Amino acid sequence: SADPAVVERQGEIMINAHHEMGVLCAVKHFPGHGSSRDDSHEGFVDVSDTWTKKELAPFSALISKGLCDMVMTAHIFNRSLDAKYPATLSQATIGGLLRGQLGFDGVVVTDDMMMKAISDHFGLETAVEKAVHAGADILLFGNNSYKYDPDIMQKAFDTLKSLVASGRISADRIDESYRRISTMKSRLRKTWDKLNGGDGETIPGDRDSIVFEDKAKYISSS
């Protein structure tokens, strides 16, 4: 909808419905993709002349209600927010606007880093470094659209390790994201306990030990 109040209301309904079933959500795409005229999958997207502050309203409202488990960034460029980098790589947008002005201290996940808006304009090392410094906690590599690289996850991991080893990204910065992700998992654990009568120690996605006492219930409701 073009009406921020409608977006907020529908977003809240959707998030609450997922939470009732033990599923966390990411709101997207920050700081607002609704005014874009181009596709960031295919290349550079500039919303400098179309974006307005009202696009922030649903994010602000849902954050203030404590409903944002994660926020996903947009690969859009807006010179009024950052004269050099798109939102995903922009400290001014993530660190300044999202975390500073809107007060969000949860997990920030990037949109697919292999989309052409990023991959055609920034090398992997630069993209990883800028996204982490901007405030992203999880870097998403979809590897299923315009570019395919069977080794991309190892390359991204090695790139991050190299940036930390060289001091270009601090270990404290990595720990900051680790703590945010752990906090989010704790939130999921509490929800899981409520649904499944668990012990508070096992969460969905644990490789070693998730056991569904009533698989049919969860399959039928998914």
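Counting restarts for each chain, with residues numbered from 1 along the sequence as it is written. The model is predicted, so local features are restricted to residues of pLDDT at least 70 and side-chain atom pairs to those at 80 or more, both for listing and for counting; the totals for chains, interfaces and linings are taken over all residues. Computation of side-chain values covers all heavy atoms of the structure but excludes hydrogens and water.

Engineer: Any chance you could explain the overall build of the protein chain here in plain terms?
Structural biologist: Helix and strand counts for the protein chain come out as eight helices and five strands. Helices and strands appear in the protein chain in the N-to-C order α-β-β-α-β-β-α-β-α-α-α-α-α. Exposure is judged per residue with a 1.4 Å probe applied to protein chains only, and the accessible area is read against the type maximum: over 50% gives exposed, under 20% gives buried, and values in between give partly exposed. Going through the 222 residues of the protein chain one by one, you find that 42% of them count as buried. In this description, contact between two residues means that some pair of their heavy atoms is separated by no more than 4.5 Å. Long-range pairs, those at least 24 residues apart, make up 70% of the contacts in the protein chain with a sequence separation of at least 6. Only DSSP runs of H or I covering at least 4 residues are called helices, and only runs of E covering at least 2 are called strands; the numbering of each starts at the N terminus.

Engineer: Is there a simple way to explain the environment of isoleucine 94 in this structure?
Structural biologist: Within the element layout of this structure, isoleucine 94 appears in helix H3 (residues 91–101). Considering only alpha carbons, one finds isoleucine 94 and valine 71, 23 residues apart in sequence, at a separation of 9.8 Å. Not counting the four nearest positions on each side in its chain, isoleucine 94 is found in contact with Thr73, Ala87, Thr88, Arg99, Val108, Ala134, Gly135 and Ala136.

Engineer: Which parts of the structure should I look at to understand the nonpolar core?
Structural biologist: What tends to happen in soluble globular proteins is that the nonpolar side chains get buried as a cluster. Working definition of a nonpolar core: buried Ala, Val, Leu, Ile, Met, Phe, Trp, Tyr and Cys residues. They are joined through side-chain atoms within 4.5 Å. Ranked by internal contacts, the top residues of the largest apolar core, which has 39 residues, are Phe30 and Leu98. When residues of this core are traced back to their parent elements, those giving at least two are strand E1 (26–30), helix H2 (57–64), H3, helix H5 (124–134) and helix H6 (152–165). With five residues, the top contributor of residues to this core is H5. Apart from residues no more than four positions distant in its own chain, phenylalanine 30 is found in contact with Leu56, Phe59, Val71, Met72, Thr73, Ala74, Ala87, Thr93, Leu97, Leu98 and Leu102. Judged by nonpolar contacts, the second largest core, of five residues, contains Met70, Met72, Val109 and Met184.

Engineer: Sorry, what's going on with the sheet that holds E1 here?
Structural biologist: Strands in a sheet are paired, the pairing made by backbone hydrogen bonds, and the direction either parallel or antiparallel. Two strands form a pair only when DSSP identifies at least two bridges running between them. Strands sit in the order E1-E3-E5 across an open sheet of three strands; the sheet is parallel. The open sheet has two free edges, formed respectively by E1 and strand E5 (107–109), since each of these has just one partner strand. Here the average twist between neighbouring strands, direction ignored, is 30 degrees. Taken together, the three bridges between strand E3 (residues 70–73) and E5 define a ladder with parallel strand orientation. Note on E5: the bridge partner recorded for valine 71 is valine 108. Axis definition: a line fitted to C-alpha atoms, limited for helices to the stretch in contact. Angles are taken between N-to-C directions and run from 0 to 180 degrees.

Engineer: Sorry, what's going on with H6 here?
Structural biologist: Think of an α-helix as 3.6 residues a turn; residues three or four steps apart then line up on the same face. Between its first and last C-alpha, H6 extends 20 Å over 14 residues, near the 20 Å set by a 1.5 Å rise per residue. For H6, the secondary structure elements touched by its buried residues are H5. Multiplying one less than the number of residues by 1.5 Å gives the expected span of a helix.

Engineer: When you look at unusual backbone geometry in this model, what are you seeing that I'm missing?
Structural biologist: Generally, phi is negative for residues other than glycine and the peptide bonds are trans, each holding for most cases. In this model, lysine 28 is joined to histidine 29 through a cis peptide bond whose omega is -5 degrees. Assignment of secondary structure puts histidine 29 in strand E1. Each neighbour pair has its own omega, and for phenylalanine 30 with proline 31 the value is 10 degrees, a cis peptide bond. Residue placement: proline 31 occurs in the loop between E1 and strand E2 (45–46).

Engineer: Help me out: how do you make sense of helix H1 (residues 4–20) in this one?
Structural biologist: The end-to-end C-alpha distance of H1 is 24 Å, a good match for the 24 Å that 17 residues give at a rise of 1.5 Å each. Within H1, the full set of buried residues consists of Val6, Gly11, Ile15 and His19. Pairing of N or O atoms within 3.5 Å defines a polar contact, subject to two protein rules: one partner must be a possible hydrogen donor and the other a possible acceptor, and residues neighboring in sequence count only if both atoms are side-chain atoms. The backbone nitrogen of alanine 5 lies 3.0 Å from a side-chain oxygen of the residue at the head of H1, namely aspartate 3.

Engineer: Explain the pattern of salt bridges to me, please; I cannot follow it from the model alone.
Structural biologist: A pair can form between side chains of opposite charge whenever their charged atoms are brought close. Every case where a carboxyl oxygen of Asp or Glu lies within 4 Å of a side-chain nitrogen of Lys or Arg is listed as a salt bridge. Scanning the model with the defined rule gives 14 salt bridges in all. The partner of glutamate 125 in a salt bridge is arginine 168, with the nearest N and O atoms 3.2 Å apart. You can see glutamate 125 sitting in helix H5 and its partner arginine 168 sitting in the loop between H6 and helix H7 (171–196), a full 43 residues away along the chain. The class for glutamate 125 is partly exposed, based on a relative accessible area of 38%. Put simply, aspartate 137 and arginine 173 hold a salt bridge, and the shortest N to O gap is 3.9 Å. Pair noted here: aspartate 137 is in the loop between H5 and H6 and arginine 173 is in helix H7, with a separation of 36 residues, a long-range link. Taking relative accessible area as the criterion, aspartate 137 reaches 10% and is therefore assigned buried. Arginine 173 sits in the buried class, given a relative accessible area of 10%. Overlapping salt bridges, with partners in common, bring together Arg99, Asp105, Asp137, Arg173, Glu176 and Arg180 in one network.

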